[in-house]
Each structure stands twice: as structure tokens, then as C-alpha cells.
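# Tertiary structure, described
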Amino acid sequence: MIPRPVALASAGCLSAIGTGMRETTQNLRKGISGVGPVTLFDPAGCRCTTAAEVGSVALRQAARSIHPPAGRWSRPAQMVLVAMAEALAGSPGFVPDAVIIGTTSGAMDLGEKFFSAVARRDVSGTASAVRRVAYYPPQMPVIQSLEVLGCPAPVRIVSNACASGTNALGMAWQLVRSGRARRVLAGGYDALSRLVFSGFDCLQASTPELCRPFDAGRSGLVLGEGAAMFCITQEGPVRLTGYGAATDTHHLTQPHPSGSGPLAAMRAAMGSAGSPHIDYINAHGTATTQNDACESLAIEAACLHAPVSSTKAATGHTLGAAGAIEAAFCMAALTDGFLPPTLNYRSPDPSHSLEIAANEARPAVLRSALSNSFGFGGSNASLILELP
Amino acid sequence: MNIFIHGTGLVSALGRGWPLEGVEPQPVFEEIAGLRLPSLRVPTGATADVDGIPRLRRSGDLSRFAVAAACDAVAGCDPALLAGLPVIFATTDGGVCHTTRFFAPIEASGCGNGSPILFPETVYNAPASHIAARLGSHAEATTMVGDSSAGLAAVCAACDLISAGTAPAVLVVAANECDPLACLAYSRRGICADSAASPLPILTEGAAAVLLGTEPGPAARVEAWSEGPPASSPQAALSVLERLADSLRPARAEQPVILAHAPGVFGLPAPFPTSKKLPGEGHAFTDLAQLVVEIGGDTPIPDLLLLSLGFHGQNAGLRLTQRYATP
């Protein structure tokens, strides 16, 4: 097989720090954080009471401007629609051969409403919830959006926990590289829900304080939500040159302390890209004690000497969208020439010697970036992006 | 490229493996929302060999079904092959039992009442992780979620990987589990039965697994595979199935047998017959299980097109050539 080139032709992005690539990139460079008190539901009883929420009013307006009935869609479907529309607008005439999207929970709020109606023995509420729960599965926000945008293509949903977005981009990379597809629309999305918020809180993975990736005093993650989508083909301003994935079977929710899983994924990505020199690393960097320790070990073991940042202090951990949103950040960093900052960084962790790009964005000439995503179930995935 | 099916596994309401003769599963009735809804469950003991695995001690049935079927599909394989064997796991509803158990106290008493023991098993990719751990694989384990066509869609994804030269072999596992809430949703949407007398299929559960590879094997050969854009209406659904069949028909004089798995899709009769060898409807599980049962047994099969159209209009299809006689 002769590998074809793979490139990100255009992108759409939505998160707590902005709607659209332009606003998002500007706010990323300004060091703006999207984290604030949770307003979508009552987090009473949780250690963590903050999250990086996408503004519902702005989201609804953005969705309605594309397709007026979308103002009544689920929030995840609105996020997918807005991000997809922006990506497709950047590539006029783009008709995908396949659509590959990563997500961890689909339209979970509709599933929660269905459960609630049944638990309350609310007969009319159950009937309404039954009609809406049809839109709960992860593929439905994507199918709804594709119908509106006029993109008939097979849909694959990848759900590999927090690595989903990167895995989806990796699957797209494999299809275009092999010639099995010429154009793929790929990305990731996730929206906040009570179930998932409670889940991370009960594991004590979420922090009651600020999210401080790689900081010596870090105490956990803050959840976020959003979406990022890409038109992927053979030509574009940023090339997708490598992808690697590996499974760490140490534990369902905890990485092996040696960082062997992340290391295997990074090495596989580097190998597939011809081992380029890496100018910037967008880390998974959730700010949990374990993840950042393992990832630091893995980056050092991979002999990658590049500035590292985690953008999750700005956007929150967007789960299935994280890999896609962070690929969008890498794309912006490469094309606009800057290092995205790690917010809330106070005290270097003496257990590693990584160069952390801290607190403020700074100009940098970057030709290549590596983006990491690691998740429950031992999912580990890495992408390499390069300027042509 | 030739892609062969080397091994299969099946856990169903009939028990473990295929073929299974003379088994008549009886529906189990669950009370929910004032209704008594039927489901066909995997019999107790069908996964006894994996139930005692320490890593599965907190897992739900979904993971046990999946691990058991996976182990059967790779039985006899070289451990060196297993260490680098990619896994693709497909499901429609995921770990719905653990999810409802986890959410119940949150709904009743607030967000601070989640159980850290239950939450990890609610994630869609928990079974894939357990499969990889059981097999000793550190290669990529991918979980795909979709409607009733997710089983064959996962086979298509595996064939893409193999044909790209990414891996010489891939294990595909599809599984689904029964839950009263899922029974209610499917029955209210006219996809599954709300009583034993209903003409609709009863919701069922289980796992199917196929090991695919480039080395010539004793079972069927996958000649072609395809997925189509989701169908959005009854008329579109029929034409999707026809178009899928046309894209997969071989350029040979003999026309294949065509079977379609299209549960509860738009209320119209499917243009092709359905495999009736397994009882009930288990969505992603049933989708892949039809492949296992059609190539199972000792009699060579005729050329076969397997088509799948799910309740959200997603669709996939395979063309299988005649199976070689079992040595």
C-alpha cells in the first residue's frame, strides 16, 4: 500500500472559551479560562462544583442561525451542528465518504430525563421522554446534523472514553492514508451531564480547587464540554502525519504508574510519522495526580524535548471532545505560531523535568506538534500534526 | 485482499456456542412503569468460565458475555498473536444495567451520591478493556457504538484495518445486555415486544465474536464490505438496503443468498428475509451473531450477502464466499 498524504483542510470548534476557531484561538492566546460554577444542574453533595460550560443561550442562537428548529435540539446535537457547520464552511464542496466522531456519552441528558420520568411514574412525562430518548444514543446528534448540512455519509461513533476524539481522528487518518476514503469528516463532542459529573466526582478525580495541570500542588480535573470537527483529505494547511494507539491493561480507571501505555502510543505515532522533530506537545494533562505523573514519565522516556502544555485548565476536560478540540488548538498553534499556555501553573513538580509552557501564551515558530489523549479502559492515543 | 474468518464465539439466550439444538428459551418478565415486559436472557452459568476472573468481579453481564465470546473466538491462538491483536468492540446500549444502577441514587438524592464502584463499568469501552486484558493484548482496542447495524459495521472497520496493512488480524466482538429501562424504550418505540404475544421480537442479550485475518482459515472468506449513509425515511430505508445489496453483489453468474437484519425499521417489510436461527433482538449483538450462525455448522454455505439496517438508519453489509468444509 502506498500511503497517501493526510491533511486537516478546515476545522470547527466550540468550547467554554469560544464559539468558532477564531474566537477560541483568540481566547486561548489571552489565557482566558472557561471554568465557573456549574449552572446546568445542581452539583450539591459533590466535592467539585465547577465546570467549563458552553453558554446555552449563545449555543442555542448559533444552532438556530444554521437551522431554526435546532434551537430545540439537545445541547450535544447543537454543539455538533455548530462545529460541523464551521468545518464544512471552510471546505466548500466537501462531501465526506465517511464521518467518524468520538464521544463518551452522547445526549446523556435525554437518557437522564427518561430515567427520571419513569422513576417518578409520570405517565405523560414518560411518553414525552420516550419520544426524546430516541435522540439519546451517541450517533443521533451526528445523524441529525448531517441531515441538516446535506452530508449523506456512513457514520461511525468511537467511544474510547477520554481518548475518543483522538481515536476518531486516527481512524480517519487510517482511511485516507490507505486510500479507502478520500474525504472524511471527523472530530469529537461531549456535553456535561449529571451522571458523568457525579462519576468523576465520586472517584475523586475532580478537584474542588483550580485545575492545575503538571503543578506540584495539582488536585484533579475540572470537566468541560464542547465539540471540534475537521474536514480531512489529502491537502490542507496542516498535515496529519502520524497516529498511534495502545491499550494499558493495568486497571480500568488508573494508568500503569510507569506510563507504559502513553509511551507506547507516542512511540507508535512517532514511528508512523517517520520520527519527526516535535516542537510542541499538547498533553492530555488532566491535572490528576496519576495522569500527569505517568504522562511526564512517558514524555521523558520518549525523549521528546519540547515545550509542553495542557489546555484543560482553560477548557476543562471535554472527554470525548478533548482529543479533537486539542487537535484544533495544535492546528492553531502551528498556523499562528504560538505556544498555548497551561493556566494556573504555580509550582513546578520536581518529579519531572518537562518544560511547561505556563500561564501566558508566547510566540513560537512551530512546525510540528504532538497531541496526547488517554482514557478509562487504558485507552491511549497520540496524533502528530505538521506544517507542510 | 482476502480476509478470512478464523474463529467465532457466541453467548446467547440459547447458551454458549453454536449450533445449539433443542433449546427453547423462555422470556423473563420485568416490571417497570406498571408494565410486565418480556426479555430473553442468557442462561445462568453460560459464562461460568469467565465469571471468576478477578478483573470482572465488579463487571456487569455485558463484559462477561463479551469476554466469553472473545475467548472462544481466539481459542488455540498463539499468545504472541494475541499480545498485538487489535480489538473492535461494538455495542448499541453499552453497560445499561450499571448505568441505571449508578444513576438511581443520583436521581433520588443528588449528584453527590454516585458509587465509585459502579461508575467505571458504565463507560462504553469497559468491555473492550476487559477483553484486551484477558487476551493480554496491548494493541488498539476500539469501541464503536451504533444502532442495530453496529455489529456488521465493526466488521467493516476491521476489514478496513486489515486491508490497509495496519494489522494482519483483528478480533471483532459485539454485545448488548437487557435492562428493564431498555425494554421499555424499545417496546414503546415499536422495535421490541411489549408482551409474549406481540409479533415483534423480544429484546435479548448476548455477545458474538469473530476473529478475522489474512491467513487462509477454515471458515468463511469476506470478499467485500460496505457501509452506507443513514436512511432517514421508510422509502430511503428500502432503497438503502437495495443499494447496499447492489454494491456487494458479485460479478458471478450464481447469485448469493441475501439476508437482512432490519429490526423495527420504519414498519415496512424488508425486501430480504431475515436469519431466524437465533431468538429475539439484541441489536449490535444480533447483528454480528447472524454472521456467526450462518457460517456455523459443518455444511458449506452458499455465497451470502449479509445486510444490516438499524433503527436509526445506519447500515452495513458483507459478502461472504462459500465456506470450506470443516476438516
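Residues numbered from 1 in each chain as written. Chains lettered and ligands numbered in written order. Predicted model: local features only at pLDDT ≥ 70, side-chain atom pairs only at ≥ 80, totals over all residues. Heavy atoms only, no water.

## Focus on the interface of chain B and chain A
If you look at the interface, chain B gives 58 residues, while chain A gives 61 residues. Taking both sides of the interface into account, the surface hidden between chain B and chain A amounts to around 4,800 Å²; carbon and sulfur atoms contribute 64%. Considering only the surface of chain B that becomes buried against chain A, Phe103(B), Cys111(B) and Phe119(B) emerge as the three largest contributors, covering 14% of it. Linking chain B to chain A there are 4 salt bridges. With its nearest N and O atoms 2.6 Å apart, the salt bridge here joins Glu227(B) to Arg156(A). Partitioning the side of chain B that touches chain A into residue classes produces 29 nonpolar, 20 polar and 9 charged. As paired elements, strand β6 (residues 155–158) of chain A and strand β6 (residues 141–145) of chain B share 2 bridges and run antiparallel to each other. Across the sheet, Val158(A) pairs through a bridge with Met144(B), a residue of β6(B). (Contact = heavy atoms within 4.5 Å. Buried area = accessible area lost by both parts, 1.4 Å probe. Salt bridge = Lys/Arg side-chain N within 4 Å of Asp/Glu carboxyl O. Nonpolar A, V, L, I, M, F, W, Y, C, P; charged D, E, K, R; others polar. Pairing = 2+ DSSP bridges. Helix = DSSP H or I, 4+ residues; strand = E, 2+ residues; numbered from the N terminus.)

## Remarks on the pattern of salt bridges
One pass over the structure, following the stated rule, counts 21 salt bridges over all chains. Linking Asp51(B) and Arg64(B) is a salt bridge whose minimum nitrogen-to-oxygen distance equals 3.5 Å. Of the two residues, Asp51(B) is situated in helix α1 (residues 48–51) and Arg64(B) in helix α2 (residues 61–73); the sequence distance between them amounts to 13 residues. Within this structure, Arg156(A), Arg180(A), Asp160(B) and Glu227(B) form a network of salt bridges that share partners.

## Considerations on the sheet that holds strand β8 (residues 203–204) of chain B
Backbone hydrogen bonds hold the strands of a sheet together, and the pairing may be parallel or antiparallel. Residue and element names in this part refer to chain B. The strand order across the open sheet built from 3 strands is β3-β4-β8, with neighbouring strands paired in mixed fashion. Single-partner strands in this sheet number two, and they are β3 (28–32) and β8. Where strand β4 (residues 35–40) meets β8, 2 bridges bridge the pair, whose relative direction is parallel. Paired with Ser 39 across the strands is Leu 203, a residue of β8.

## Points about the packing of aromatic side chains
Using the criterion set out here, one finds 8 aromatic pairs over all chains in the structure. Aromatic side chains Phe200(A) and Phe119(B) sit 5.7 Å apart centroid to centroid with 65° between the ring planes, which places their arrangement in the edge-to-face category. Here Phe200(A), found in helix α8 (residues 194–202), pairs with Phe119(B), found in the loop between α4 (96–109) and α5 (126–135), and the two come from separate chains. Neither residue differs from the other here; Phe200(A) and Phe119(B) are each classed as buried. Aromatic side chains Phe102(B) and Phe119(B) sit 5.3 Å apart centroid to centroid with 40° between the ring planes, which places their arrangement in the tilted category. One end of the pair, Phe102(B), is in helix α4; the other, Phe119(B), is in the loop between α4 and α5, and 17 residues separate them in sequence. Here the two residues Phe102(B) and Phe119(B) agree in accessibility, since each one is buried. Within the aromatic cluster, the residues linked to one another by ring pairs are Phe200(A), Phe376(A), Phe102(B) and Phe119(B). (Phe/Tyr/Trp six-rings, centres within 6.5 Å; stacked < 30°, edge-to-face > 60°. Buried < 20%, exposed > 50% of the residue type's maximum accessible area, 1.4 Å probe, protein only.)

## Re the confidence of the model for chain B
In this model, chain B carries an average pLDDT of 91, and 94% of its residues clear a pLDDT of 70 or more. In the predicted assembly, ipTM is 0.97 and pTM is 0.97. (pLDDT = per-residue confidence, 0-100.)

## Here we look at the layout of surface pockets
Residue and element names in this part refer to chain A. Each pocket or cavity is described by its volume, and for the largest pocket that value is around 800 Å³. Secondary structure elements with two or more residues in the lining of the largest pocket: α10 (289–301), β14 (368–375) and β15 (379–386). Top contributing element to the lining of the largest pocket by residue count: α10, with 5 residues. Taken together, the residues of the lining of the largest pocket sort by class into 14 nonpolar, 19 polar and 7 charged. (1 Å grid on protein atoms, 1.4 Å probe; cavity = no way out; pocket = protein on both sides within 12 Å on 5 of 7 lines; lining within 4 Å. Points joined across faces, edges and corners; volume = space filled by probe spheres on them.)

## Some remarks on the pairing of strand β8 (residues 226–233) of chain A
Residues and elements named next belong to chain A. For β8, a buried count of 8 out of 8 residues is recorded, marking the element as mostly surrounded by other parts of the structure. Residue alternation in β8 divides its side chains into two sets, Gly 226, Ala 228, Phe 230 and Ile 232 and Ala 227, Met 229, Cys 231 and Thr 233, and both sets are buried. Pairing between strand β1 (residues 7–15) and β8: 8 bridges, direction antiparallel. Counterpart to Ala 7 in the pairing with β8 is Thr 233.

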